[in-house]
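A structural walkthrough
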Amino acid sequence: MGKPLIVGNWKMHKTASEAATFVQALQQRFPAALTRIELVLAPPFTALESVRTALGPSSWIGLAAQNLHWESQGAFTGEISGPMLRDLGCRHVIIGHSERRTLFGERDRDIQKKVRAALTHGLRPILCVGESLSEREGGQTGSVVTAQLHGALRHVTAEELATITIAYEPVWAIGTGRAATTEQAVEVHQSIRTYIVTNWTQAAVSTVRVIYGGSVTPQNIASLLASDAIDGALVGGACLDPESFATIAHVAESSHT
Ligand code: PGA
């Protein structure tokens, strides 16, 4: 398995100028590059350029977008394409976040096209999957997550899978302060790995990263990363403050030896 991946999903927070100030404050907390983790910022589209400039030309901190459209260009008012994101220095793109699914009606079919577009344009997808509270309580966690994986990935080759990160984000844990326990996360991560072995190969499962998201904090990150089944974190609320995001990154760095 590669280095743990820590991604800060800013959602709809920070203007371009606030983003530049944030990046300066964040960089002050890293006198030297962290080498044992991969750290990625996912600001809104409007702040990508300012974050890139603030990070500087060959920064060790990477850039992700929060969404993309599946077409490369055309009459799609308000949409942003893979080539546009690549040109701004993005290397990753979050796809199928539960807020996109529930608030903006994204369906598995759309998500599958977005995964394909990301792969075509050299962006590494961070595919989000996860069950709602009622689905968990109804014992459907495994089937919901499997259906989401199937919907998004069924045309992906084993080679392509190696560039994909799967983010298990239980909907009930997002923004609630109620993170999944390490045991709950590990159980689902293992079922994701089983799904991959069954549908691709044993080799594929050793290259795909499965990260956890949902109320990750400086307090719970060490326990989550203590498990071999958890390859990193997708952080929302706790990434908006430079101090707490830097702490999460430092804890992740020291937990991976
Ligand atoms: P949260 O968000 O850390 O605020 O729960 C995580 C996410 O939605 O990616």
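Scroll up to find the structure.
Residues numbered from 1 in each chain as written. Predicted model: local features only at pLDDT ≥ 70, side-chain atom pairs only at ≥ 80, totals over all residues. Heavy atoms only, no water.

**Looking at the site of the ligand**
Taken together, 13 residues lie near the ligand, and Lys11, His97, Glu169, Gly175 and Ser215 sit nearest. Side-chain polar atom of Lys11 to an oxygen atom of the ligand: 2.7 Å apart, as the coordinates give it. Take Gly236: an N or O atom from its main chain is 2.8 Å from an oxygen atom of the ligand. Protein coverage of the free-state accessible area of the ligand, which is 280 Å², stands at 95%. (Near = heavy atom within 4 Å. Polar contact = N/O pair within 3.5 Å; in protein donor to acceptor, adjacent residues only side chain to side chain. Areas by Shrake-Rupley, 256 points an atom, 1.4 Å probe, with all protein chains shown as cover.)

**A word on helix α1 (residues 16–28)**
Under the 1.5 Å per step criterion, the end-to-end length of α1 is 19 Å for 13 residues, consistent within 8% with the ideal 18 Å. Taken together, the buried positions of α1 are Ala19, Phe22, Val23, Ala25 and Leu26. Viewed along the axis of α1, the buried residues span an arc of 165°, placing them on a single side of the element. Turned more than 90 degrees away from the buried face of α1 sit Ser17, Thr21 and Gln28, all of them exposed. (Helix = DSSP H or I, 4+ residues; strand = E, 2+ residues; numbered from the N terminus. Expected span 1.5 Å × (residues − 1). Buried < 20%, exposed > 50% of the residue type's maximum accessible area, 1.4 Å probe, protein only. Arc of directions from axis to C-beta.)

**Regarding the environment of Ala173**
With respect to the helices and strands, the residue Ala173 is situated in the loop between β6 (165–168) and α9 (182–199). Separated by 43 residues in sequence, Ala173 and Val216 have C-alpha atoms that sit 9.0 Å apart. Residues within four places of Ala173 in sequence aside, it is in contact with Arg178, Ala179, Ala180, Tyr212, Gly214 and Ser215. (Contact = heavy atoms within 4.5 Å.)

**So, unusual backbone geometry**
Unusually for a residue other than glycine, Lys11 sits at a positive phi of about 55°. As for its position among the elements, Lys11 is in the loop between β1 (5–9) and α1. Of note, the phi angle at Ser215 is positive, near 60°, even though the residue is not glycine. For Ser215, the location among the structural elements is in the loop between β7 (209–213) and α11 (221–225).

**Here's the deal with the sheet that holds strand β3 (residues 62–65)**
The strand order around the closed barrel formed by eight strands is β1-β2-β3-β4-β5-β6-β7-β8, and the pairing between neighbours is parallel. Between one strand axis and the next, the sheet turns through 25° on average, direction left out of account. In this sheet, strand β5 (residues 124–129) lies alongside strand β4 (residues 92–95) in parallel orientation, the contact comprising four bridges. Looking across to β5, one finds that His92 is bridged to Arg124. Across the face of the sheet, helix α12 (residues 242–255) comes into contact with β1, β2 (38–42) and β8 (232–235) while running at roughly 170° to β1. (Pairing = 2+ DSSP bridges. Axes fitted to C-alpha atoms, helices over the stretch in contact; angles between N-to-C directions.)

**So, the state of the cysteines**
A full pass over the atoms with the stated rule returns zero disulfides. The thiol of Cys90 is unpaired, and the distance to the nearest cysteine sulfur, on Cys239, comes to 15 Å. The closest cysteine sulfur to the non-disulfide-bonded Cys239 is located on Cys128, 13 Å from its own sulfur. With relative accessibility at 0%, the residue Cys239 sits in the buried group. (Disulfide = S-S within 2.5 Å.)

**Here's the deal with the side chain of His92**
Mapping His92 onto the fold places it in strand β4. Looking at His92, the relative accessible area reads 1%, which means it is buried.

**Some remarks on the packing of α1 against α12**
α12 packs onto α1 with a crossing angle of 45° between their chain directions and a minimal axis gap of 9 Å. Judged by the angle between their axes, α1 and α12 are oblique. Crossing geometry of α1 relative to α12 is assigned as right-handed. Each of Phe22, Ala25 and Leu26 in α1 lies in contact with α12, whose residues at this interface are Pro242, Phe245 and Ala246. Broken down by class, the residue content of the contact of α1 with α12 amounts to six nonpolar, no polar and no charged. (Parallel < 35°, antiparallel > 145°, perpendicular 65-115°, else oblique. Left-handed = near helix turned anticlockwise from the far one by under 90°. Nonpolar A, V, L, I, M, F, W, Y, C, P; charged D, E, K, R; others polar.)

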